[in-house]
Amino acid sequence: MTKESRKEILNAVAFGLIINILLATLKLSFGFWGNAQALVSDGVNSLSDVFISIMILAVLKLATKKPDHDHPYGHEKYEGLLYFLLGIIF
Ligand SMILES: [Zn+2]
């Protein structure tokens, strides 16, 4: 993956993360407030989106790191690991 497309993905994921945090907060608070089961489970759904977004951000940040002495060939393999994990989750 090129640096540019990685940056675009980071921006898109960060944007989605903000939206999902807002949505989860709204749905959960209105769900609990109005005792609406459907809203609460919808909010929990948004929370899991938040969790996945944070994971993607963390791994993409890690994957763009320069090689260090623990990982002389760089950190790109973490990116592959992430897609593998996401493939299992979905
Ligand atoms: Zn390392």
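Quick note: structure is the one above.
Predicted model only: the values in this text are computed from it and were never measured.

With that settled, consider helix H1 (residues 3-33). A rise of 1.5 Å per residue sets the reference length of H1, with its 31 residues, at 45 Å; its end C-alpha atoms lie 45 Å apart and thus fit the reference within 8%. Residues of H1 that are buried include every one of Arg 6, Leu 10, Val 13, Leu 17, Asn 20, Ala 24, Lys 27, Leu 28 and Gly 31, and no others. Contacts from the buried residues of H1 go to helix H2 (37-63) and helix H3 (76-89). A positive phi of about 55° marks Asn 35, the residue just after H1.

Quick look at the nonpolar core now. Counting eleven residues, the largest nonpolar core is built from Leu 10, Val 13, Leu 17, Val 50, Ile 52, Ile 56, Leu 57, Val 59, Leu 60, Leu 82 and Leu 86. Looking at which element gives the most residues to this core, the answer is H2, with six residues. For Val 50, the residues in contact, after removing those within four places along its chain, are Leu 17, Asn 20 and Ile 21.

Along the chain, Leu 28 turns up in helix H1. With near-sequence residues (within four places) excluded, Leu 28 lies in contact with Val 40, Gly 43, Val 44 and Leu 47.

The next point concerns the packing of aromatic side chains. Going through the model one piece at a time under the given rule, you end up with one aromatic pair. The interplanar angle of 65° and the centroid separation of 5.8 Å between the aromatic rings of Phe 30 and Trp 33 together place this pair among those described as edge-to-face. Remark: Trp 33 and Phe 30 occur in helix H1; sequence separation between them is three residues, near one turn of the helix. Classification of Phe 30 by relative accessible area gives partly exposed; the value is 44%.

What follows concerns the pattern of salt bridges. Tallied over the full model, the rule gives two salt bridges. Here Asp 42 and Lys 27 are joined by a salt bridge, their closest N and O atoms 3.3 Å apart. Here Asp 42 is found in helix H2, whereas its partner Lys 27 is found in helix H1, with 15 residues between them in sequence. Judged by its relative accessible area of 33%, Asp 42 is partly exposed. Taking relative accessible area as the criterion, Lys 27 reaches 18% and is therefore assigned buried. With a closest N to O distance of 4.0 Å, Asp 68 and Lys 65 form a salt bridge. Judged by its relative accessible area of 27%, Asp 68 is partly exposed.

About the thresholds
Residues numbered from 1 in each chain as written. Predicted model: local features only at pLDDT ≥ 70, side-chain atom pairs only at ≥ 80, totals over all residues. Heavy atoms only, no water. Helix = DSSP H or I, 4+ residues; strand = E, 2+ residues; numbered from the N terminus. Expected span 1.5 Å × (residues − 1). Buried < 20%, exposed > 50% of the residue type's maximum accessible area, 1.4 Å probe, protein only. Contact = heavy atoms within 4.5 Å. Core = buried A, V, L, I, M, F, W, Y, C linked by side-chain atoms within 4.5 Å. Phe/Tyr/Trp six-rings, centres within 6.5 Å; stacked < 30°, edge-to-face > 60°. Salt bridge = Lys/Arg side-chain N within 4 Å of Asp/Glu carboxyl O.

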